[in-house]
Amino acid sequence: MNSPVPAPTPSAALPALPAWFTSRQQAAWSRYLAIPTPKRGDEMWRFSNIKQLDFTGFSRSTGVPAVKEDGATSLSPHEKTGILPVIPDRQDACLPLDLIARSSGLEDTAAKLIFINETLVHSQSSLPAGVLCLSLAEALVSHSALVETHFMKQEPRLGSAKFAALHEASVVNGVFVHVPDDVEVAHPIEIHHWLAGSNTLIFPHTLVVTGRHAKVRVVEMFRSADDLQPGLAIAFNDLAAGPGSKLDYVAIQAFNELSRVIQINETAAARDATTTGFVLNTGAAWARNESLSRLEGPGARSDMLSVSIAAHAQEYDQRTFQHHVSPGAFSDLLYKNLLYDFAGTIFSGLISVDEGAHHTDAYQTCRNLLMSDTCEANSMPGLEINADQVKCSHGSTSSQISEEEIFYLRARGIDSAAARQLIARGFSIEVLARLGDEPLESLVIGFMDEKFASIAKASN
Amino acid sequence: MSYQPSATLDAETHDAISVDRSKGDFTFPERNKLDAGRGLTDKTVDYICNVKNDPPWLREFRHKALKVFLEKPMPTHWASKDLENINFDEIRYYLSDGEKPKRSWDDVPDDIKRTFDRLGIPQQERAFLAGVEAQYDSEAAYSNVKDELTKQGVIFVNSTEGLHQHEEVFRPWFGKVIPTSDNKFSALNSAVFSGGSFIYIPKGVKLKQPLQAYFRINSENFGQFERTLIIADEGAELMYMEGCTAPKFETATLHSAVVELVALKGAKIQYVTVQNWSSNVFNLVTKRGLAMEDAEVRWIDCNIGSRLTIKYPGVIMKGRRARGEVISIALANTGQHQDTGAKMIHAADETTSNIVSKSISVGKGRATYRGQVHIPKHLKGCKNNTECDALLINTNSRTDTYPAITVKGNRHSTQHEASVSQVSEDMLFYLMQRGLNQGQAMSLAVNGFINDLVREFPMEYSVELKRLIDLEMEGSVG
């Protein structure tokens, strides 16, 4: 594979990065070079379309300028305005304004951050005292020690070690959220990522850390500025839930259908912590999601949820790992895939119960609803159990809507196309209900309905 | 550990017959008339061809297979690293049964005799299983069966005889269900195979009695590299049984069999295996059936012995409405890894497959289910059901499940379910309250877990199986 990016060189525009970070980046870069590119026959890439890993032609963005000369964009309680960059040498000079206007999401948010490529262009917040929510670039300078404690701690083990290393070596910006002990953030923190320009490559990074009995919910949306230019995102989200805390993370991936994305999630849940991770895939030509939950203390709970709506020739490749390190923890995974046209999905999940992790409860369910006779669903649900007194199960089904169901709805005056969509929608919404937050559910449903509408339009 | 340093040593002087009672397996010195020596080269293959008087096409086939074997890497990128412990240069690839080892019943270790007692194996069979007799004297017991088979036109011979005397039936299907290059071990078998059965059942013949490998006389029954080919012509039906529940005398540590089944239109084949090799054996087996229109292939598979078993019986459903089924029980005790599963390849409309797998891990044993279900595009009405359940007995027992299911198109349905559990304290308490000791209670619970599958085995087998599981469970609790 041709390397899409040159070796990292500390940018002159940025204030001096901490030494630990630059040395981590250099180490990651040599790791990136040393790790072989996945090839056919690698178990972690079974059924994958390896051709999608050729990232030739993508490069870091230069088009959208930094917000300030020094690139740091601290978040203060008041809304920042008037810092919108204007690019004189581009015809889409008012793109940032346009994108900020399009960055609609939830009504009530504790903070809202908007990135164009890797540049923070807008931020506003009303966070409780003590909560940190700032760009990673700034956090690296202002809270270097705290970031160091949590930054990319787990070893990627789902096949994308090479790309995780590339991300680590190349990351320049993202979001850092830290919620101190006993602080609850009532409304979600909302983050918008826009991929702009042709063949642009971005490395968004989200690091969320909760202290003891803290609570926070982070919602991220990934979109393309337009539908005609391919982009590539190698994104990483790192979630560390402290003892007894509650950390929810929702990612909505709705890039245009020319783009590709690798999204790596690593979640660590300490004693009695509750984490929920949800991924919606409606966009991108090819998306690879790797999601790893590590249950590190008794009473920890991890819910791993996903809905993917794949149409046209979209390919979604999802790998999950429920790692029970500690006894007495709980994990539950529910992934649902809807497949239209020539779409393909891969689900490979593993529940791994370490020696000594007794009294583990771990469940894994993947359901595929096949909506065309040319789609392809691959499922590889797996279990590795090394402990006793465990309750583990997995289930995987692939099926289509039965004629009886359609008949039932038609008998009630709903035409067959609408009936199919109704059932497909209901099939997906079951997962959303597990988020237990109505405004958030309607936000996600909004993205789903947009996709359903585009599918309906294409079939007419 | 199990190799005798030399076959030329006199049995009397070599009285240290390396009985390894701790592992429950035992060996005798060998005196084989024909021996290809250790290691595998072109010379070994030529030697086997010469001894067996193979026709030229087969000699060529074996040499090609050897090349494939040497070229193919070990599948350790997904399979157990334990495979690396096989030393291919130490293995003997051909031992003729020209001269059978002579030894007396008294040489058989007591614990094996006790096992035979506990299993209720007939005296005649015991001697055979212990390697005391060259073969089980089946002539008397089964002569009636043989007569009837001949009358119906059934061919039931060993594979060497099959390829020599029935080439016109044998050759068109030989190596067609499992090509040489299917995997490293099928290539190995293709290069050095000897023994195994060749069966042909003519059109419309439905056998009432199951066929058993040890009905056959003068055959290499439990060959190291046995090769079995069974062809059921249109509308024929048979059940074939391989192996037995008793622990078997074994000196060779690598077994690599290839079994090919061909069920023509409307035929039905059931293949029952009970594998109980001693716990030093690598058992790497390739088994696959081809089911044509309306045909059915069922694998009923039970793995209790061996150090490492890698076996995924498969069915290719090539004709409309063909049906494949794998029913599998695995029991992994300390020092064992049972890596079993199933492979279902749907290649025609309205084909259905069913996989039911149950495994029990005792002590430090590891049981793995690995499965593949493939439903390609342009087919309709295919169905698959997969269930795999694992039971863990001790705290350090281990179990894994790695299924892979591919479905293309929306006219099919598949479902897969797996669960892992252990015998609950409540259940044990309930049984012990009624006067059973802990071991008995555990045994009952385990037998209950696999009961619905054991019933699929022929009667004698299921009785023996239950007793065997009792035996294996002994000392695992408390």
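Residues numbered from 1 in each chain as written. Chains lettered and ligands numbered in written order. Predicted model: local features only at pLDDT ≥ 70, side-chain atom pairs only at ≥ 80, totals over all residues.

1. Some thoughts on the overall build of chain A
As a reminder, the rule being used: Only DSSP runs of H or I covering at least 4 residues are called helices, and only runs of E covering at least 2 are called strands; the numbering of each starts at the N terminus. Three exposure classes are used, all based on how many other C-beta atoms lie within 10 Å of a residue's own C-beta (placed from the backbone): buried at 20 or more, exposed at 12 or fewer, and partly exposed between those limits. A residue pair is marked as a contact if its C-beta atoms, positioned from the backbone, fall within 7 Å.
Helix and strand counts for chain A stand at 8 helices and 21 strands. Here chain A holds 460 residues, and the buried ones make up 52% of them. By sequence separation, contacts in chain A at least 24 residues apart represent 82% of the contacts at least 6 residues apart.

2. Regarding the overall build of chain B
On a plain count of helices and strands, chain B comes out with 11 helices and 19 strands. The 478 residues of chain B split such that 52% are buried. For chain B, the proportion of contacts with a sequence separation of at least 24, taken over those separated by at least 6, is 83%.

3. Examining helix α2 (residues 56–71) of chain B
All names here are of chain B. As a reminder, the rule being used: An expected span of 1.5 Å times one less than the residue number is assigned to each helix. Starting at the helix axis, one direction is taken to each C-beta atom, and the arc is that of these directions.
For α2, with 16 residues, the first-to-last C-alpha span of 23 Å sits near the 22 Å given by 1.5 Å per residue. Of all the residues in α2, the buried ones are L58, R62, A65, L66 and F69. One face of α2 carries all of its buried residues, which in axial projection span an arc of 105°. Along α2, exposed side chains directed more than 90 degrees from the buried face belong to P56, W57, E60 and E71. Packing partners of the buried residues in α2 comprise α1 (42–52), α6 (159–165) and α8 (184–192).

4. Quick notes on the packing of helix α7 (residues 416–432) of chain A against helix α8 (residues 438–459) of chain A
Geometry of a packed helix pair, given as the angle between the helix axes and the separation of the axes. Residues and elements named next belong to chain A. The test is simple: To define axes, lines are fitted to C-alpha atoms, for helices over the stretch in contact only, and angles between the resulting N-to-C directions are given on a 0 to 180 degree scale. Note on angle classes: values under 35 degrees are labelled roughly parallel, values over 145 roughly antiparallel, values of 65 to 115 roughly perpendicular, and the remainder oblique. In this scheme the crossing of two helices becomes right-handed for a clockwise turn of the near helix relative to the far one and left-handed for an anticlockwise turn of less than a right angle. Ten residue types, Ala, Val, Leu, Ile, Met, Phe, Trp, Tyr, Cys and Pro, are classed as nonpolar, four, Asp, Glu, Lys and Arg, as charged, and the remainder, Gly among them, as polar.
Contact geometry for α7 and α8: axes closest at 11 Å, N-to-C directions at 150°. In terms of axis orientation, α7 runs roughly antiparallel to α8. Of the two possible hands of crossing, α7 and α8 adopt the one that is right-handed. In this structure, α7 contributes A417, Q421, R425, S428, I429 and L432 to the contact, and α8 contributes E441, V444, I445, M448, F452 and A456. Across the contact of α7 with α8, the residue classes break down as 8 nonpolar, 2 polar and 2 charged.

5. Concerning the environment of P243(A)
Among the secondary structure elements, P243(A) is positioned in the loop between β10 (231–241) and β11 (246–254). As a C-alpha pair, P243(A) and D181(A) span 62 residues in sequence and 9.3 Å in three-dimensional space.

6. Some details on the packing of helix α1 (residues 19–34) of chain A against helix α5 (residues 161–170) of chain A
Residues and elements named next belong to chain A. Closest axis-to-axis distance for the α1/α5 pair is 8 Å, and the angle between their directions is 150°. With respect to each other, α1 and α5 are oriented roughly antiparallel. Two packed elements cross with a definite hand, and for α1 against α5 that hand is left-handed. Contacts between α1 and α5 involve R24, Q25, A28, W29, R31 and Y32 from the former and K162, A165, L166, E168 and A169 from the latter. In the contact of α1 with α5, the residues fall into 6 nonpolar, 1 polar and 4 charged.

7. Topic: the interface of chain A and chain B
Let me state the cut-off plainly: Two strands make a pair as long as DSSP finds a minimum of two bridges between them.
Each side of the interface is counted separately: chain A has 36 residues, and chain B has 32 residues. Where the side of chain A that touches chain B is concerned, the elements lending two or more residues are β20 (376–385) and β21 (391–399) of chain A. Ranked by residues supplied to the side of chain A that touches chain B, first place goes to β20(A) with 10 residues. For the side of chain A that touches chain B, the class distribution of residues is 12 nonpolar, 16 polar and 8 charged. Where β20(A) lies against strand β18 (residues 398–408) of chain B, 7 bridges are found, and the strand directions are antiparallel. Note that in β18(B) the partner of N378(A) across the bridge is T406(B).

8. Some words on helix α2 (residues 95–102) of chain A
Residue and element names in this part refer to chain A. Among the residues making up α2, those that are buried are L95, P96 and L99. Around the axis of α2, the buried residues are gathered within 95° of arc, so they sit on the same side. The exposed residues of α2 that point more than 90 degrees off its buried face are D98 and A101. Next to the buried residues of α2 lie β2 (111–116), β3 (119–125) and β6 (189–195).

9. Topic: the pairing of strand β8 (residues 205–210) of chain A
All names here are of chain A. Across the 6 residues of β8, 6 count as buried, placing the element largely inside the fold. Side chains of β8 alternate between two faces, with H205, L207 and V209 and T206, V208 and T210 buried alike. One ladder, built from 6 bridges, connects β8 with β10; its direction is parallel. Among the inter-strand pairings, H205 is bridged to a residue of β10, identified as F236.

10. Quick notes on the nonpolar core
Keep this limit in mind: Think of a nonpolar core as buried Ala, Val, Leu, Ile, Met, Phe, Trp, Tyr and Cys residues chained together by C-beta atoms that fall within 7 Å.
In this structure, V177(A), A232(B), L261(B) and A263(B) are the most contacted members of the largest nonpolar core, which totals 241 residues. Here the element with the most residues in this core is β10(A); it accounts for 8 residues. Here V177(A) is in contact with L132(A), C133(A), I189(A), V208(A), V209(A), V216(A) and V218(A), once residues within four sequence places are set aside.

11. A closer look at the confidence of the model for chain A
Parts of the model with low pLDDT should not have their predicted coordinates read in detail. Going by this rule: Think of pLDDT as the predictor's per-residue confidence, scored from 0 to 100.
Predicted confidence across chain A gives a mean pLDDT of 88, with 89% of residues reaching 70 or more. Predicted confidence is poor over residues 63–93 of chain A, with pLDDT under 50, and the contacts of this stretch with residues over four places away or in other chains come to 59 contacts.

12. Considerations on unusual backbone geometry
A positive phi angle, close to 75°, is found at A284(A), a residue other than glycine. Locating A284(A) in the fold gives a position in the loop between β13 (274–281) and β14 (286–295). A positive phi angle is found at D294(B), which is not glycine, with a value near 60°. Looking at where D294(B) falls in the secondary structure, it is placed in the loop between β9 (282–291) and β10 (296–303). C-beta crowding within 10 Å serves as the criterion here: with 19 such atoms nearby, D294(B) is assigned to the partly exposed category.

13. Quick look at the pairing of strand β19 (residues 361–370) of chain A
Residues and elements named next belong to chain A. β19 sits mainly inside the fold: 7 of its 10 residues count as buried. Pairing between strand β17 (residues 330–339) and β19: 10 bridges, direction parallel. Among the inter-strand pairings, L334 is bridged to a residue of β19, identified as T365. Bridge count between β19 and β21: 9 bridges; the pairing is parallel. Within the sheet, the bridge partner assigned to T365 lies in β21 and is G395.

14. Here we look at the confidence of the model for chain B
All names here are of chain B. Per-residue confidence for chain B gives a mean pLDDT of 80; residues scoring 70 or more make up 77%. Within the model, the stretch residues 1–32 combines pLDDT values under 50 with 57 contacts to residues more than four positions away or in other chains. Contacts from residues 131–141, a stretch scored under 50 in pLDDT, to residues over four places away or in other chains number 23 contacts.

15. Some thoughts on the environment of I231(B)
Residues and elements named next belong to chain B. In this structure, I231 sits in strand β4 (residues 227–232). C-beta crowding within 10 Å serves as the criterion here: with 26 such atoms nearby, I231 is assigned to the buried category. Each C-alpha atom, one on I231 and one on I310, is 24 Å from the other, the two residues being 79 residues apart in sequence. If near-sequence neighbours (up to four positions away) are discounted, I231 is found in contact with V169, W173, I199, Y200 and V262.

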